[in-house]
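What follows is each chain in one-letter form.
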Amino acid sequence: MSTVSISYGSLKDASNEAKDVAKKLNKYADSLYGQVCQKLDRYGGNWTSNLAAAKSKTNAKISELLSEKSRYETYTTNLIHLRDECKSVDKAVK
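Residues numbered from 1 in each chain as written. Predicted model: local features only at pLDDT ≥ 70, side-chain atom pairs only at ≥ 80, totals over all residues. Heavy atoms only, no water.

### Some points on the nonpolar core
- Ranked by size, the top nonpolar core spans six residues in total: L25, A29, L32, C37, I62 and L65.
- Looking at this core, the elements with two or more residues in it are helix 1 (8-42) and helix 2 (49-93).
- Per-element accounting of this core gives the leading share, four residues, to helix 1.
- Beyond its immediate sequence surroundings of up to four residues, A29 is in contact with I62, L65 and L66. (Core = buried A, V, L, I, M, F, W, Y, C linked by side-chain atoms within 4.5 Å. Buried < 20%, exposed > 50% of the residue type's maximum accessible area, 1.4 Å probe, protein only. Helix = DSSP H or I, 4+ residues; strand = E, 2+ residues; numbered from the N terminus. Contact = heavy atoms within 4.5 Å.)

Below is the structure:
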């Protein structure tokens, strides 16, 4: 027979940390959009390949950040679900 020990506090801490990371990723993506994309959109001069590349790479980075944010949000949800399931099993065993 084996024993499993699960720390509910650790699961909660990990889910909170993942939630904070998701918020930071979202904030960074918003900042890139506001500080780069919007300024490029307002630029009234001639577009060069460098400007087009900057906008394209910034949009790609924003997409990457939002994708990572989504993964962290899923991880947060999964950790909370795991904690809840463990508590339920704990009660059933008692």
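Structure shown, so let's carry the discussion forward.
### Let's talk about the packing of helix 1 against helix 2
- Between helix 1 and helix 2, the least distance of the axes is 8 Å, while the angle of their chain directions is 165 degrees. What the angle tells us is that helix 1 and helix 2 run roughly antiparallel. Relative to helix 2, helix 1 is oriented so that their crossing is left-handed.
- For the contact of helix 1 with helix 2, the residue count by class is 25 nonpolar, five polar and 11 charged. (Axes fitted to C-alpha atoms, helices over the stretch in contact; angles between N-to-C directions. Parallel < 35°, antiparallel > 145°, perpendicular 65-115°, else oblique. Left-handed = near helix turned anticlockwise from the far one by under 90°. Nonpolar A, V, L, I, M, F, W, Y, C, P; charged D, E, K, R; others polar.)

### So, the pattern of salt bridges
- Here the structure, examined in full by the defined rule, presents five salt bridges.
- Salt-bridge contacts for E64 lead to K61; the nearest nitrogen and oxygen are separated by 3.9 Å. One end of the pair, E64, and the other, K61, are both in helix 2, three residues apart, so they sit about a helical turn from each other.
- By relative accessible area, E64 is classed as partly exposed at 46%.
- In this structure K61 comes out as partly exposed when scored by relative accessible area, which is 32%.
- Linking E73 and K69 is a salt bridge whose minimum nitrogen-to-oxygen distance equals 3.7 Å. Placement of both E73 and K69 in helix 2 is noted, with a separation of four residues, approximately one turn of the helix. (Salt bridge = Lys/Arg side-chain N within 4 Å of Asp/Glu carboxyl O.)

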